[in-house]
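Next come the chains, spelled out residue by residue.
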Amino acid sequence: MNPSPSSSSGGALSGVRILDMATVLAAPFGATLCADHGADVVKLELPDGSDTLRGLQPVKDGTALWWKVANRGKRGISLDVRQARGRELLLQMLPKFDVLVENFRTGTMDRWGLDAATLFAANPRLVILRLTGFGQTGPDRLRPGFARIFEAKSGFTSLTGEKGGSPLHSNFPVGDAVAGLFAAFSIAAEIARLRGDPQAQGVEVDLSATEALFRLLDPLPVEHEQLGLVRQPEGNCASYTAPSNMYASREQVYFTVVASSNAIFARLVTAMGQPGWASDPRFDTNPHRVQNLQALDSALSDWFSAHSYADIERTLEAAGVPFSKVYTIEDIQTDPQFMAREAIVRLPDPLYGSLPAPCIVPRVLGRHMAIPRTGPDVGEHNAQVFAEFDVGAEELASLKAQGVV
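Residues numbered from 1 in each chain as written. Predicted model: local features only at pLDDT ≥ 70, side-chain atom pairs only at ≥ 80, totals over all residues. Heavy atoms only, no water.

Section: the packing of aromatic side chains
Argument step 1. Scanning the entire structure with this criterion turns up 12 aromatic pairs.
Argument step 2. Ring centres of Phe255 and Tyr309 lie 5.7 Å apart, and the angle between their planes is 55 degrees; on these two criteria the pair is classed as tilted. In this pair, Phe255 sits in strand β11 (residues 254–258) while Tyr309 sits in helix α13 (residues 309–319), placing the two residues 54 residues apart along the sequence. Neither Phe255 nor Tyr309 differs from the other in exposure class; each is buried. (Phe/Tyr/Trp six-rings, centres within 6.5 Å; stacked < 30°, edge-to-face > 60°. Helix = DSSP H or I, 4+ residues; strand = E, 2+ residues; numbered from the N terminus. Buried < 20%, exposed > 50% of the residue type's maximum accessible area, 1.4 Å probe, protein only.)

Structural notes on helix α12 (residues 293–305)
Argument step 1. With 13 residues, α12 should cover 18 Å at 1.5 Å per step; its first-to-last C-alpha distance of 18 Å lies within 8% of that length.
Argument step 2. What α12 keeps buried is the set Leu293, Leu296, Asp297, Leu300, Trp303 and Phe304. Along the long axis of α12, the arc covered by the buried residues comes to 125 degrees, so they all point the same way. Among the exposed residues of α12, those oriented more than 90 degrees off its buried face are Gln294 and Asp302.
Argument step 3. Contact partners of the buried residues in α12: β10 (244–248), β11, α10 (262–271), α11 (286–291) and α13. (Expected span 1.5 Å × (residues − 1). Arc of directions from axis to C-beta. Contact = heavy atoms within 4.5 Å.)

Some remarks on the pattern of salt bridges
Argument step 1. Using the criterion set out here, one finds 24 salt bridges in the structure.
Argument step 2. Notably, a salt bridge pairs Arg17 with Glu388, separated by 3.1 Å at the nearest N-O pair. Highlighted residues: Arg17 in strand β2 (residues 17–20) and Glu388 in the loop between α16 (382–387) and α17 (393–401), separated in sequence by 371 residues.
Argument step 3. A residue is classified by how much of its surface remains accessible, and Arg17, at 15% relative accessible area, is buried.
Argument step 4. When salt bridges that share partners are traced, they join Arg17, Asp40, Arg75 and Glu388 into one network. (Salt bridge = Lys/Arg side-chain N within 4 Å of Asp/Glu carboxyl O.)

Some points on unusual backbone geometry
One can expect most non-glycine residues to show negative phi and most peptide bonds to be in trans.
Argument step 1. Across the junction of Ala242 and Pro243, the peptide omega takes the value -5 degrees, indicating a cis bond.
Argument step 2. Structurally, Pro243 is set in the loop between α9 (219–227) and β10.
Argument step 3. Residue Pro362 is bonded to the preceding Val361 through a cis peptide linkage, with omega at 0 degrees.
Argument step 4. The topology assignment puts Pro362 in the loop between β14 (353–358) and β15 (367–368).
Argument step 5. Even without being glycine, Asp61 reaches a positive phi, approximately 50 degrees.
Argument step 6. Here Asp61 shows up in the loop between β4 (59–60) and β5 (63–64).
Argument step 7. Phi is positive for Asp390, which is not a glycine, with a value near 60 degrees.
Argument step 8. Mapped onto the elements, Asp390 comes out in the loop between α16 and α17.
Argument step 9. Take Asp390: its relative accessible area is 71%, and that puts it in the exposed class.

Comments concerning the nonpolar core
Most often, soluble globular proteins keep nonpolar side chains buried together rather than apart.
Argument step 1. Grouped together as the largest cluster of nonpolar side chains are 31 residues, with contacts concentrated most on Ile18, Val101, Leu131 and Ile187.
Argument step 2. Top element by residues in this core is helix α7 (residues 174–196). It accounts for 7 residues.
Argument step 3. If we skip the residues at most four places from it in the chain, Ile187 touches Ile18, Cys34, Val99, Val101 and Leu129.
Argument step 4. Grouped together as the second largest cluster of nonpolar side chains are 27 residues, Phe104, Ile128, Val385 and Phe386 included. (Core = buried A, V, L, I, M, F, W, Y, C linked by side-chain atoms within 4.5 Å.)

Brief notes about the sheet that holds β11
Argument step 1. Pairing within the open sheet is antiparallel, and its 3 strands lie in the order β10-β11-β12. Strands at the two margins of the open sheet, each flanked by one partner only, are β10 and β12 (323–325). Each adjacent strand pair in this sheet contributes to an overall mean axis angle of 20 degrees, direction not counted.
Argument step 2. The pairing of β11 with β12 spans 3 bridges and is classified as antiparallel. Bridge pairing in β12 links Val257 to Phe323.
Argument step 3. Where α13 meets the sheet, it contacts β11 and β12, and its direction lies at approximately 155 degrees from that of β12. (Pairing = 2+ DSSP bridges. Axes fitted to C-alpha atoms, helices over the stretch in contact; angles between N-to-C directions.)

Points about the pairing of strand β7 (residues 99–102)
Every other side chain in a regular strand lies on the same face of the sheet, so the side chains alternate between the two faces.
Argument step 1. Residues of β7 alternate between two faces, with Val99 and Val101 on one and Leu100 and Glu102 on the opposite face, all of them buried.
Argument step 2. Here β2 runs beside β7; their pairing, made up of 3 bridges, is parallel. Across the sheet, residue Asp20 finds its bridge partner in β7, namely Val101.
Argument step 3. With 4 bridges joining them, β7 and strand β8 (residues 127–132) adopt parallel strand pairing. If you follow Val99 over to β8, its bridge partner there is Val127.

Following this line, the structure appears as structure tokens:
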């Protein structure tokens, strides 16, 4: 019997304090996901606001819109930990934090006098999450990296693009997002461990963005060892199931269809007026359909291109065939399903009043989560946060004059 949900507010990570001193996107995204679920995340930046994400498009009138939504729900402080006083302040703050998130090149924190031994001396139960392109060890440990580098090296990009053509990147840093998901998972897992054992000690989490992407590709090693296969890009087709492709209607509306099970395939071809295809020896099983993919997809493409999208939509809906038009953000904003679940929320913002962003994921029945505000300006919460560590207004002004904050 399922327990009845009780109404509550605050997320599962309420009470967890995270100091996010990472830059750009992957590691900060992981911290943001934790903030979505109740963690108190303090975003630490250099006083000059030089985080690259503040300069990435979209930028409007000098305002970094991506920064605002990517760092939602965080309080912002500025602190130059490379300076002696900045380092002292960081170590003074650490006992009140559960997690430190950083993504500098391997060894950078050590050079600043903030090696693991020093951090653990300040807080023995600290979780230090280090997210780098390739990890803390190995010959690539000092290499710089960005999402497209992780995507290419992990094997992920080798699966995209048209058959026989150039591999393709997405117009979004998927590698950063995947690494950020693993970062949030790592933090939640370690917090669960610490909450379960008051005597447990802190750890360093060595998260490689390249390995995070590679972790998604379960079948690649085993099919290479056991079958001698090196999976290649197949355009919008899939080498493991069919039909599963992108098609276009008569008016060139693009949509994707997956009818890989025998039952769904039978419903699809019956709806198309070709019920005999379900028993055709070329198409009667998924392996046979994959082997005869060119003939199958040619026939499907011809049928779809002869019909309007409205007719196709009605036909596939009635037949219970999984499909979707390829949505743009304009489609998402007006789609009844997205609208019914309020998948786009309005983040309170001091400059714009509010800005749209994706909702908190996942939802927990009976738990009402507050909508986070947009990401902070550089040092926006200096006075508030540093006051929690007995740094008064006079000292804060002096530190600002010295370029420490």
